[in-house]
Amino acid sequence: MRRSDREITDRARIDEIIASCDCCRLGFCDGAEAYIVPLSFGYDAEEGAFYFHSAKAGRKIDLIRRLGRASFELDTDHAVNAGERACDYSYRFLCVMGTGSVELLADAAAKEKDCAC
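Residues numbered from 1 in each chain as written. Predicted model: local features only at pLDDT ≥ 70, side-chain atom pairs only at ≥ 80, totals over all residues. Heavy atoms only, no water.

**Here's the deal with the overall build of the protein**
Regarding its fold elements, the protein presents 3 helices and 6 strands. In the protein, the succession of α and β elements from N to C terminus is α-β-β-β-β-α-β-β-α. Relative to its length of 117 residues, the protein is extended, with a C-alpha radius of gyration of 17 Å against a globular reference of 13 Å. With respect to the principal axes defined by its C-alpha atoms, the protein has extents near 55 × 35 × 20 Å. In the protein, which comprises 117 residues, the share counted as buried stands at 26%. The contacts in the protein between residues at least 6 apart in sequence include a share of 53% that link residues at least 24 apart. Summed over all atoms, the accessible surface of the protein reaches about 8,500 Å², with 51% contributed by carbon and sulfur. Distance between charge centroids for the protein: 5 Å, based on 16 positive and 21 negative side chains. (Helix = DSSP H or I, 4+ residues; strand = E, 2+ residues; numbered from the N terminus. Rg over C-alpha atoms; globule rule 2.2 N^0.38 Å. Buried < 20%, exposed > 50% of the residue type's maximum accessible area, 1.4 Å probe, protein only. Contact = heavy atoms within 4.5 Å. Areas by Shrake-Rupley, 256 points an atom, 1.4 Å probe, with all protein chains shown as cover. Lys, Arg positive; Asp, Glu negative; His and termini not counted. Charge placed at Lys NZ, Arg CZ, Asp CG, Glu CD.)

Written out as structure tokens, the structure is:
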């Protein structure tokens, strides 16, 4: 992160930001292309794990099976900071970004447990 003075490292605060988001974007490296897909999600703060409902086929599923890793991004609290000149404008937001392993849950019992999040 370029502005380390703005970085949030407190896990409880990160969990609060995640709870205020309604979309998580998963990003995959697909050869020479980036593939990013917005998804609704569940989050288990205790495990630090995201859960996504998905169709059983498609590019995202193919990439999960092939790569087993993804980047993610969530953002919220968007606001424009107005200025007197165009160069003085800025944009405020909160976001959580990271990378991690991603897998498909095949076991029905695991899916049921995870749906309780």
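**Considerations on helix H1 (residues 11-19)**
Buried within H1 are the following residues: Ile-14, Asp-15, Ile-17 and Ile-18. Down the axis of H1, the buried set is contained in an arc of 160°. They therefore lie on one face. Residues of H1 that are buried in the fold lie against strand S3 (42-44), strand S4 (49-51), strand S5 (69-81) and strand S6 (90-101). (Arc of directions from axis to C-beta.)

**Topic: the packing of aromatic side chains**
Within this structure, the stated rule accounts for 4 aromatic pairs. Centre to centre, the rings of Phe-50 and Phe-52 are 6.3 Å apart; their planes meet at 15°, and the pair counts as stacked. Since its relative accessible area comes to 19%, Phe-50 is described here as buried. Relative to Phe-72, the ring of Phe-50 has its centre 5.1 Å away and its plane inclined at 50°; by these criteria the two rings are tilted. Here Phe-72 lies in strand S5 and Phe-50 lies in strand S4, a separation of 22 residues in the sequence. Phe-72 carries the same exposure label as Phe-50, and that label is buried. Three or more aromatic residues joined by ring pairs form one cluster here, namely Phe-41, Tyr-43, Phe-50, Phe-52 and Phe-72. (Phe/Tyr/Trp six-rings, centres within 6.5 Å; stacked < 30°, edge-to-face > 60°.)

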